[in-house]
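Chain residues, written in single-letter form:
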Amino acid sequence: MLEYNKKIKEYDLFVDYYDEVVRPYDNQLEEELFFLLDIFDEYNPEAKKLLECACWTGLILKWLSKKYKIKWLDLSDKMLNKAKKILPEEVLIQGDMTDFDLEEKFDIVLCNYNSICHLTDFSDWKKFFKQAYNHLNKDWILVFDINTLFEFNNLAESYMYSREVWENSDILCMEVKKTDYKNNKEINNHFYWDLRLFLNQWEDNYKLIRERVSENTFEIYKIKDALNKLFQIEEIIDFHNIELRPDSSRVYFVAKKKIDL
Ligand SMILES: C[S@@+](CC[C@H](N)C(=O)[O-])C[C@H]1O[C@@H](n2cnc3c(N)ncnc32)[C@H](O)[C@@H]1O
């Protein structure tokens, strides 16, 4: 545990703001829930047990937990402490999705809201695929989504989002930068979200809370190649348009565990 706690830096500062101000900025929660339910019903209508990796406070899964028996895994002790207030402690697991062993299997493994992109080395994506494989029952499914390279490049070139939150002149600003901020240099496919929240303390005197969150993404062919070693890819879906296009921004992968390797 201590080892994980030392490792965590990203999202610590936004722990009290992520659910309320960052996650709902694109208002897609409900759409996402029904989208996921359709996938689960199509590919595994008998599913009963679901594991979400990199779940944060499980915004979507709170609803899905009415239908499935769910476990949540995340690296962040801050997330777990927050989630404990609303979820039974025994379903929350602190762990690294590239290296965990829960000694049980699930019917669905989910990694939602481009959380896999928080793994900045592709070798870690492969480790996650292996862990998902090990934790799946029979030939059941892994579902995850990414922000595409097209999307990150586009965001890094032109995106600056800001809005007032909580109706008291607090302001959220979000930008994407194409830099590995830890090493302060431009490296292929390394991006980070620059999140700034200006809290109005009194009479327009603001306190700034700033968090930088690294993300990385890879070409779809490269992800397919790695997945194909362990999974049969059932579908690659553009979340917004269904059909995959060169300018797809958010893409879901649905992959079925291969059983006779
Ligand atoms: C975008 S948030 C998760 C959003 C959530 N899945 C949702 O649908 O709202 C990314 C999460 O990834 C977690 N994370 C980052 N690296 C991780 C790792 N190696 N193992 C497990 N969780 C990790 C962070 O702690 C954070 O909670």
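Going by the structure above, here's the rest.
We now turn to the structure provided with this report. (Residues numbered from 1 in each chain as written. Predicted model: local features only at pLDDT ≥ 70, side-chain atom pairs only at ≥ 80, totals over all residues. Heavy atoms only, no water.)

**Examining the environment of Ala132**
Thought 1: In this structure, Ala132 sits in helix α6 (residues 122-134).
Thought 2: Considering only alpha carbons, one finds Ala132 and Ile86, 46 residues apart in sequence, at a separation of 26 Å.
Thought 3: Excluding residues within four positions of it along the chain, Ala132 makes contact with Val109, Leu142 and Phe231. (Helix = DSSP H or I, 4+ residues; strand = E, 2+ residues; numbered from the N terminus. Contact = heavy atoms within 4.5 Å.)

**With respect to the packing of aromatic side chains**
Thought 1: Inspection of the entire model under this criterion finds 14 aromatic pairs.
Thought 2: Measuring from ring centre to ring centre gives 5.3 Å for Tyr18 and Trp56, while their planes differ by 65°; the resulting arrangement is edge-to-face. In this pair, Tyr18 is assigned in helix α2 (residues 18-22) and Trp56 in the loop between β1 (49-53) and α4 (61-64), connecting sequence segments 38 residues apart. Exposure class is identical for Tyr18 and Trp56. Each is buried.
Thought 3: Look at Trp125 and Phe218: their rings are 5.2 Å apart centre to centre, the planes differ by 90°, and that puts the pair in the edge-to-face class. In this pair, Trp125 is assigned in helix α6 and Phe218 in the loop between β9 (205-216) and α8 (220-228), connecting sequence segments 93 residues apart. The exposure classification of Trp125 matches that of Phe218, with both residues buried.
Thought 4: Between the NZ or CZ atom of Lys222 and the centre of the ring of Phe122, over which it lies, the distance is 4.9 Å.
Thought 5: The ring of Phe239 carries Arg250 above its face, with NZ or CZ at 4.5 Å from the centroid. (Phe/Tyr/Trp six-rings, centres within 6.5 Å; stacked < 30°, edge-to-face > 60°. Buried < 20%, exposed > 50% of the residue type's maximum accessible area, 1.4 Å probe, protein only. Lys NZ or Arg CZ within 6 Å of the ring centre and 35° of its normal.)

**Concerning the sheet that holds strand β6 (residues 160-165)**
Thought 1: The antiparallel open sheet is built from four strands, whose spatial order is β6-β7-β8-β9. Edge positions in the sheet fall to β6 and β9, since each has one partner strand and no second. Each strand axis lies, on average, 15° off the axis of its neighbour in the sheet, ignoring direction.
Thought 2: One ladder, built from six bridges, connects β6 with strand β7 (residues 170-177); its direction is antiparallel. Counterpart to Arg163 in the pairing with β7 is Leu172.
Thought 3: Against the sheet, helix α7 (residues 149-158) engages β6, β7, β8 (190-202) and β9, with an angle of about 50° to β8. (Pairing = 2+ DSSP bridges. Axes fitted to C-alpha atoms, helices over the stretch in contact; angles between N-to-C directions.)

**A look at the sheet that holds β1**
Thought 1: The seven strands are arranged β3-β2-β1-β4-β5-β11-β10 in an open sheet whose pairing can be described as mixed. At either end of the open sheet lies a strand with only one pairing partner, and these are β3 (92-94) and β10 (231-238). Averaged over all neighbouring strand pairs, the angle between strand axes comes to 20°, with direction disregarded.
Thought 2: Of the pairings in the sheet, the one linking β1 to strand β2 (residues 69-74) comprises five bridges and is parallel in character. Bridging from a neighbouring strand, Cys53 pairs with Leu73 of β2.

**Considerations on the packing of α6 against α8**
Thought 1: Viewed as axis vectors pointing N to C, α6 and α8 meet at an angle of 40°, and their least axial separation amounts to 10 Å. By the angle class used here, α6 and α8 are oblique. The handedness of the crossing between α6 and α8 is right-handed. Packed against α6, whose contacting residues are Phe122, Trp125, Lys126 and Phe129, the element α8 presents Lys222, Ile223, Ala226 and Leu227 at the interface. (Parallel < 35°, antiparallel > 145°, perpendicular 65-115°, else oblique. Left-handed = near helix turned anticlockwise from the far one by under 90°.)

**Thoughts on the pattern of salt bridges**
Thought 1: This structure, assessed with the given rule, holds 12 salt bridges.
Thought 2: With a shortest N-O distance of 2.6 Å, Glu104 and Lys71 are connected by a salt bridge. Pair noted here: Glu104 is in the loop between β3 and β4 (106-111) and Lys71 is in strand β2, with a separation of 33 residues, a long-range link.
Thought 3: A relative accessible area of 22% means that Glu104 is categorised as partly exposed.
Thought 4: Taking the shortest distance from any N to any O, the salt bridge between Asp194 and Lys177 comes out at 2.8 Å. Here the residue Asp194 occupies a position in strand β8, and Lys177 occupies one in strand β7, the gap between them amounting to 17 residues.
Thought 5: Using a relative accessible area of 25% as the deciding quantity, one classes Lys177 as partly exposed. (Salt bridge = Lys/Arg side-chain N within 4 Å of Asp/Glu carboxyl O.)

**Section: the site of the ligand**
Thought 1: Surveying the vicinity of the ligand reveals 18 residues, the closest of which are Arg23, Ala54, Trp56, Asp74 and Met97.
Thought 2: Contact between the ligand and Ala54: a nitrogen atom at 2.9 Å from a main-chain N or O atom of the residue.
Thought 3: Interatomic distance of 3.4 Å between a side-chain N/O atom of Ser115 and a nitrogen atom of the ligand.
Thought 4: About the coverage of the ligand: the protein hides 95% of its 600 Å² of free accessible area.
Thought 5: Considered class by class, the residues forming the shell around the ligand number nine nonpolar, five polar and four charged. (Near = heavy atom within 4 Å. Polar contact = N/O pair within 3.5 Å; in protein donor to acceptor, adjacent residues only side chain to side chain. Areas by Shrake-Rupley, 256 points an atom, 1.4 Å probe, with all protein chains shown as cover. Nonpolar A, V, L, I, M, F, W, Y, C, P; charged D, E, K, R; others polar.)

Everything listed here is a matter of geometry and, on its own, says nothing about what the molecule does.
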